Amino acid sequence: MDSSFDAALDAAAPGRILRDADAMARYSTDWTRRWTGSPRAVARPRSVEDVAAVLAVCNDHRVSVVPQGGNTGLVGGAVPADGSVVVTTEALTSTSDVREDGSVTVGAGVTLHELERLAQENGRTTGLALASGASATVGGVASTNAGGARVLRYGTARDRIGGLRAVLANGEVVDRRVGLRKDNTGYDLTNLLVGSEGTLAVITDVTWKLVAPHRDRLVLAFAFPDSGSAADALTTLLSFPGLDAVEWAAGSAVKRAAALLDTTPPLPTDGFWVFVELGDSDVGDRSLVDASAPVIDSLTASGLDADRIAVAVSVTERRALWSFRERITESVSAAGVPVKLDVGVPVHEFCAFVDALPSTVHGVDAAAIPVLFGHFAESNIHVNILPGSGTFSEAVAEALEDAVLDHVLSVGGTVSAEHGVGRAKRRWLTRQRGAVQVQAMAAIKNAWDPHSILNPGVLFDRGQAAI
Ligand code: MLT
Ligand code: ZN
């Protein structure tokens, strides 16, 4: 690459380009430590104009651009291709006033927790709960259509995003920060960009639809003896009034979180835990404890021992109980570099699939350790697989992915329920969506990014988009 590119990049965002290897290190490896890349530079634009100028230069010189938010993704979707320019959105932190309809427009680099603080200062909440919320940015959440614990009530990021602004590969700006709840004119570009994983544009601003908060919450945990009894109880669990979340974790996964927290779980860890979170917005004048009592009675009448139920009322108790679910990811990473899969199966297949997973995994590597948890209401299973010792070779990691994902597809599931495709799942995209749909996606990619500079190797195999 000629030095005229470097000079043009410096001129596009003066003083905002990093080239020092140490300074670039934290943008070069993903959160799971499974993927790493060698960017030629990291651009830290402060405005949409900076982003536009950087992209125009990269497009002219055919240099790849890797958009990056908080770098908390789990599928390698923000890992720099070698020789690329990382465009981090971390300095795009503008915020608008909260409008009368509860919407607010913020820069892509605002973290989810900062947005939540802003929402609460204005008597509202974001409706999105991610364990990574302190680092995950609104732009990253938008471009991956993040889910999290409260999808059951508030939907995924897509349901909360009312508009956005984004810079196309050639530096042109698409502005859809519309303050309108209804606007039925033409293609929905906002929804196309949400979940496009940085392959079509760099999202610079997001209009978020905040929601009314609850006055009170209640968190419950149920330690079912096995997955079958939990699955049998699903309909009853879904009848709790005021449901925000129904999550799950294998008892062995809860044990890992407890070890990380240096504490003892309040319930037995032999089986299958379900966590339920309730909010009081739609239970009338009743307390959540009173409103939930009939459902708890029904669970105990069906055979669940009362000493397998924990109820957390105060904020401190609720946080402590949630942490046995929320801290599992961290406990897995503390133990090694996992193969991380994020699958969904039809609800009637859930139990058989979860029960078969250990033998599926051990068929490939008898020493591998599956750690299972996820979002019960959505039949979403986070299959984390740790090596018995050391690290997995790339061949074993792929064989583990193949074994689990083959099984997923054979029961009509999805190879990515919420984390996206990134690099990790791209070789599964055609099997999941079929050649016709992948070609339809590739046609959009080619039209929007004809030189394929945006996030190459993510979503599509390199070259696949140029069909
Ligand atoms: C979660 O639900 O905790 C996240 O998706 C993180 C993970 O899968 O590790
Ligand atoms: Zn999740």
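Since this is a predicted model, take the numbers as computed values, not measurements.

It is worth spelling out the overall build of the protein chain at this point. For the protein chain, the helix and strand inventory stands at 18 helices and 15 strands. For 467 residues, the compact-globule estimate of 2.2 N^0.38 gives 23 Å, and the C-alpha radius of gyration of the protein chain, at 23 Å, lies within 12% of that figure. C-alpha extents for the protein chain along the principal axes are approximately 75 × 55 × 45 Å. For the protein chain, the residues scored as buried account for 55% of the 467 residues in total. Long-range pairs, those at least 24 residues apart, make up 74% of the contacts in the protein chain with a sequence separation of at least 6. Carbon and sulfur atoms provide 50% of the accessible area of the protein chain, an area that totals close to 18,900 Å². Side chains of the protein chain carry 41 positive and 55 negative charges; the gap between the two charge centres is 4 Å.

With that out of the way, let us pick up the pairing of strand 10 (residues 243-250). Of all 8 residues in strand 10, 8 are buried, a share of seventy percent or more. With 7 bridges connecting them, strand 10 and strand 11 (residues 272-279) associate as antiparallel partners. Bridge pairing links A245 to E277 in strand 11. Two strands pair when backbone bridges link them, and strand 10 and strand 14 (residues 369-375) are joined in this way by 3 bridges, in the antiparallel orientation. Counted as the bridge partner of W248 is G374 from strand 14.

Per the UniProt entry, the sites bearing "domain: FAD-binding PCMH-type" (unreviewed entry) are residues 35-213 in this numbering. Spanning residues 35-213, this segment combines 25% helix with 21% strand, and its end C-alpha atoms are found 38 Å apart.

Scanning the entire structure with this criterion turns up 27 salt bridges. Here the residues in one salt-bridge network are R150, R153, R217, D244, E277 and D282, joined through shared partners.

Turning our attention to the sheet that holds strand 11. Within the open sheet, the 7 strands sit side by side as 12-9-11-10-14-15-13. Their pairing is antiparallel. Both edges of this open sheet fall to strand 12 (309-312) and strand 13 (339-344), since each of them pairs with a single strand only. Averaged over all pairs of adjacent strands, the angle between their axes in this sheet comes to 15°, without regard to strand direction. Relative to strand 11, strand 9 (residues 217-224) runs antiparallel, the two sharing 8 bridges. In the strand pairing of strand 11, F222 is matched with V274. Each of strand 10, strand 11, strand 14 and strand 15 (380-386) touches helix 11 (residues 251-261); the most contacted strand, strand 10, lies at about 95° to it. Along the sheet, helix 13 (residues 315-326) makes contact with strand 9, strand 10, strand 11, strand 12, strand 14 and strand 15, crossing strand 9 at roughly 40°.

Surrounding the zinc ion (ligand 2) are the protein donor atoms H375 (NE2), H382 (NE2) and E418 (OE), at 1.8 to 2.2 Å. Sequence spacing of the donor residues for the zinc ion (ligand 2), all on one chain, is H-x6-H-x35-E. One end of the pair, H375, is in strand 14; the other, E418, is in the loop between helix 16 (394-410) and helix 17 (429-433), and 43 residues separate them in sequence. The pair formed by H375 and E418 is uniform in burial state, with each residue classed as buried.

Grouped together as the largest cluster of nonpolar side chains are 50 residues, with contacts concentrated most on F222, L237, F240, V276, F376, I381 and I385. If one sorts the elements of this core by residue count, helix 16 sits on top with 6 residues. Contact partners of I381, with chain neighbours within four places excluded, come to W248, L341, D342, V343, V345, F350, F353, V354, L357 and F373. Formed by 28 residues, the second largest nonpolar core is a distinct cluster that contains L115, L130, V141 and L200.

Between the first and last C-alpha of helix 15 (residues 350-362) there are 19 Å, a value that for 13 residues agrees with the 18 Å anticipated at 1.5 Å per step. In helix 15, a bend of some 40° at A356 exceeds every other bend along the element, and P358, a proline, comes one to four places later. Residues F350, C351, F353, V354, L357, T360 and V361 constitute the buried set of helix 15.

Another aspect to go through is unusual backbone geometry. Even without being glycine, N71 reaches a positive phi, approximately 55°. On the basis of relative accessibility, which here comes to 14%, the residue N71 falls in the buried class. Notably, S452 is not glycine yet its phi reads approximately 50°, a positive angle.

By relative accessible area, H375 is classed as buried at 3%. Here E418 takes part through its side chain, which lies 2.8 Å from a polar atom of the side chain of H375.

Below, the discussion takes up the domain arrangement of the protein chain. On domain assignment, one finds that the protein chain holds domain 1 (3-88), domain 2 (95-209), domain 3 (217-331) and domain 4 (336-411). If you look at the interface, domain 3 gives 19 residues, while domain 4 gives 18 residues. Each partner contributes to the roughly 1,500 Å² buried at the junction of domain 3 and domain 4, and carbon and sulfur atoms together form 68% of this total. Linking domain 3 with domain 4 are 8 residue pairs in polar contact (both at pLDDT 80 or more). Looking at the side of domain 3 that touches domain 4, the elements that each hand over two or more residues are helix 9 (227-232), helix 10 (234-237), strand 10, helix 11, strand 11 and helix 14 (328-335). By residue number, the principal contributor to the side of domain 3 that touches domain 4 is strand 10, which donates 5 residues. Classifying every residue of the side of domain 3 that touches domain 4 gives 13 nonpolar, 3 polar and 3 charged.

Analysis parameters
- Residues numbered from 1 in each chain as written.
- Chains lettered and ligands numbered in written order.
- Predicted model: local features only at pLDDT ≥ 70, side-chain atom pairs only at ≥ 80, totals over all residues.
- Heavy atoms only, no water.
- Helix = DSSP H or I, 4+ residues; strand = E, 2+ residues; numbered from the N terminus.
- Rg over C-alpha atoms; globule rule 2.2 N^0.38 Å.
- Buried < 20%, exposed > 50% of the residue type's maximum accessible area, 1.4 Å probe, protein only.
- Contact = heavy atoms within 4.5 Å.
- Areas by Shrake-Rupley, 256 points an atom, 1.4 Å probe, with all protein chains shown as cover.
- Lys, Arg positive; Asp, Glu negative; His and termini not counted.
- Charge placed at Lys NZ, Arg CZ, Asp CG, Glu CD.
- Pairing = 2+ DSSP bridges.
- UniProt positions renumbered as here; feature names shortened; annotations may be inferred.
- Salt bridge = Lys/Arg side-chain N within 4 Å of Asp/Glu carboxyl O.
- Axes fitted to C-alpha atoms, helices over the stretch in contact; angles between N-to-C directions.
- Donors = N, O, S within 2.8 Å, 3.2 Å for Na, K, Ca; no water.
- Core = buried A, V, L, I, M, F, W, Y, C linked by side-chain atoms within 4.5 Å.
- Expected span 1.5 Å × (residues − 1).
- Bend = angle between axes of the 7 residues up to and from the residue.
- Polar contact = N/O pair within 3.5 Å; in protein donor to acceptor, adjacent residues only side chain to side chain.
- Domains from an automatic or database assignment.
- Buried area = accessible area lost by both parts, 1.4 Å probe.
- Nonpolar A, V, L, I, M, F, W, Y, C, P; charged D, E, K, R; others polar.

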